[in-house]
Amino acid sequence: MTVSPFLDIAAFIWILVCWIGYTGFADHSHWRSESAMAAMDAYRTRWMKRMIERAPRIEDIQIIGNLMRSVSFFASTAIFVLAGLVAVLGAADRAHEVISGLPFTVRTTPGMWQLKVLFLIVIFVYAFFKFTWSLRQFNYLSIMVGGAPAPGGDNPDDADYADRAARVSVTAATHFNRGIRAYYFGLATLSWFVHPWLFISLSAWVVLVLYRREFRSRILRALGLPDSRAWP
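Conventions and cut-offs
Residues numbered from 1 in each chain as written. Predicted model: local features only at pLDDT ≥ 70, side-chain atom pairs only at ≥ 80, totals over all residues. Heavy atoms only, no water. Patch = residues over 30% accessible without salt bridge, like charges linked within 9 Å, V, L, I, M, F, W, Y side chains within 5 Å. Areas by Shrake-Rupley, 256 points an atom, 1.4 Å probe, with all protein chains shown as cover. Salt bridge = Lys/Arg side-chain N within 4 Å of Asp/Glu carboxyl O. Lys, Arg positive; Asp, Glu negative; His and termini not counted. Charge placed at Lys NZ, Arg CZ, Asp CG, Glu CD. Helix = DSSP H or I, 4+ residues; strand = E, 2+ residues; numbered from the N terminus. Buried < 20%, exposed > 50% of the residue type's maximum accessible area, 1.4 Å probe, protein only. Axes fitted to C-alpha atoms, helices over the stretch in contact; angles between N-to-C directions. Left-handed = near helix turned anticlockwise from the far one by under 90°. Contact = heavy atoms within 4.5 Å. Nonpolar A, V, L, I, M, F, W, Y, C, P; charged D, E, K, R; others polar. Phe/Tyr/Trp six-rings, centres within 6.5 Å; stacked < 30°, edge-to-face > 60°. Expected span 1.5 Å × (residues − 1). Core = buried A, V, L, I, M, F, W, Y, C linked by side-chain atoms within 4.5 Å. 1 Å grid on protein atoms, 1.4 Å probe; cavity = no way out; pocket = protein on both sides within 12 Å on 5 of 7 lines; lining within 4 Å. Points joined across faces, edges and corners; volume = space filled by probe spheres on them.

**Quick look at a positive patch on the surface**
On the surface, a cluster of positive charge is contributed by Arg212, Arg213, Arg218 and Arg221. Only α7 (196-215) and α8 (218-223) provide two or more residues apiece to the positive patch. Under the relative-accessibility criterion, Arg221 is labelled exposed at 59%.

Here it is as structure tokens:
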């Protein structure tokens with residue numbers, strides 16, 4: 001079974017629309033204030049305010065270390081995925097023959113098949129850069145915690161220091177979240193090798209899953225939408 005190359009082009013445009021459109025909606029629109037990320041941003045701000053008030057700050061460093069291990073895991077996994085994809089691209093003829101022989105799989109030209117693999121590589125390269133940039137920012141945050149002013153000094157600049165540390169934490173978490181989204185869309189892209197319509201459907205499904213988890217999930221109701229400015 002073969003399909004028109006125009007359907008593959010439409011599927012490619014569709015995932016870009018889904019990915020870029022959802023990123024704009026979730027990260028840059030006024031709706032972001034109602035998301036799980038916004039709730040966690042408020043908690044990160046509160047965390048940095050509490051960090052300024054206590055010493056020693058061993059627990060803060062431990063929390064940052066735990067966050068860094070999570071980011072490092074995904075960054076390492078992205079490298080393994082990329083290694084596998086490059087190996088597949090190196091044996092493209094054999095891999096194309098195997099995939100094309102699977103039931104319900106549409107036949108495409110070797111060139112189109114390689115373009116699909118290259119698109120997957122681009123997705124996971126993007127994810128790797130997001131995770132490593134997030135990891136560096138958590139490194140910056142750990143240094144800021146180590147250099148934070150001593151508690152009890154009643155310095156008016158302490159609040160500003162806590163606010164800047166919170167912004168670093170929020171930015172690091174934002175890039176980590178975007179790397180996770182790349183994983184979701186990367187997994188949806190695997191279905192492109194089966195059929196473009198399946199790829200189109202799963203891309204839309206990923207958007208729905210992300211929306212539900214970030215805007216309508218039980219964890220969001222548990223977190224609430226606290227206003228960090230209301231906390232002392």
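From this point, things continue past the structure.
**A look at the packing of helix α2 (residues 36-53) against helix α6 (residues 157-190)**
In the contact formed by α2 and α6, the axes pass within 8 Å of each other and the chain directions differ by 145°. Here α2 and α6 pass one another in a crossing that is right-handed. Of the residues in α6, those in contact with Met37, Asp41, Arg44, Thr45, Trp47, Met48, Lys49 and Ile52 of α2 are Asp158, Tyr161, Ala162, Ala165, Ala166, Ser169, Val170, Ala173, Thr174 and Asn177. Of the residues contributing to the contact of α2 with α6, the split by class is 10 nonpolar, 4 polar and 4 charged.

**Here's the deal with the packing of aromatic side chains**
Pairs of aromatic rings are described using the distance from one ring centre to the other and the angle between the two planes. Counted under the stated rule, the structure contains 20 aromatic pairs. Both rings, one in Trp19 and one in Phe185, keep their centres 5.2 Å apart while their planes meet at 15°; by these two values the pair is stacked. Residue Trp19 is found in helix α1 (residues 5-28), and its partner Phe185 is found in helix α6; the two are separated by 166 residues along the sequence. Overall, Phe185 belongs to the buried group, its relative accessible area being 0%. Counting every residue linked through ring pairs, the aromatic cluster contains Phe73, Phe74, Phe124, Phe131, Phe176 and Tyr183.

**What about α2?**
Its 18 residues give α2 an end-to-end C-alpha distance of 26 Å, which sits within 8% of 26 Å, the value for a rise of 1.5 Å per residue. Along α2, the residues classified as buried are Ala36, Met37, Ala38, Ala39, Asp41, Ala42, Arg44, Thr45, Trp47, Met48, Met51 and Ile52. Lining the buried residues of α2 we find α3 (58-90), α5 (110-146), α6, α7 and α8.

**A word on the pattern of salt bridges**
This model, assessed by the stated rule, comprises 11 salt bridges. For Glu59, the salt bridge is made with Arg54, and the minimal N-O distance between the two is 3.7 Å. Take Arg54: its relative accessible area is 23%, and that puts it in the partly exposed class. Of the charged contacts, one joins Arg167 and Asp163 as a salt bridge, the two residues approaching to 2.3 Å between their closest N and O atoms. Taken together, the residues span about one helical turn, with Arg167 and Asp163 both in helix α6 at a distance of 4 residues.

**Focus: unusual backbone geometry**
Ala55 connects to Pro56 through a cis peptide bond whose omega is -5°. Here Pro56 is to be found in the loop between α2 and α3.

**Notes on the nonpolar core**
Of all hydrophobic cores here, the largest spans 51 residues; its most connected members are Met48, Ile64, Phe124, Phe131, Phe138, Leu141 and Phe185. Elements that contribute at least two residues to this core include exactly α1, α2, α3, α4 (92-100), α5, α6 and α7. With 13 residues, the single largest contributor to this core is α5. With residues near it in sequence (within four places) discarded, Ile64 still touches Trp47, Phe138, Leu141, Ser142 and Val145.

**Comments concerning a nonpolar patch on the surface**
On the surface, a cluster of nonpolar side chains totalling about 770 Å² of accessible area is made up of Phe6, Ile9, Phe12, Ile13, Trp14, Leu16, Val17 and Ile20. If you trace the backbone, Val17 turns up in helix α1.

**Re the layout of surface pockets**
In this structure, the largest pocket occupies an estimated 610 Å³ of space. Secondary-structure elements contributing two or more residues to the lining of the largest pocket are α2, α3, α6, α7 and α8. In terms of residue count, α6 provides more of the lining of the largest pocket than any other element does, 7 residues in total. The residue makeup of the lining of the largest pocket, split by class, is 16 nonpolar, 4 polar and 4 charged. Considered as a void within the structure, the second largest pocket measures approximately 160 Å³ in volume. Lining the second largest pocket are Leu16, Trp19, Ile20, Thr23, Phe119, Val122, Ile123, Tyr126 and Arg178.

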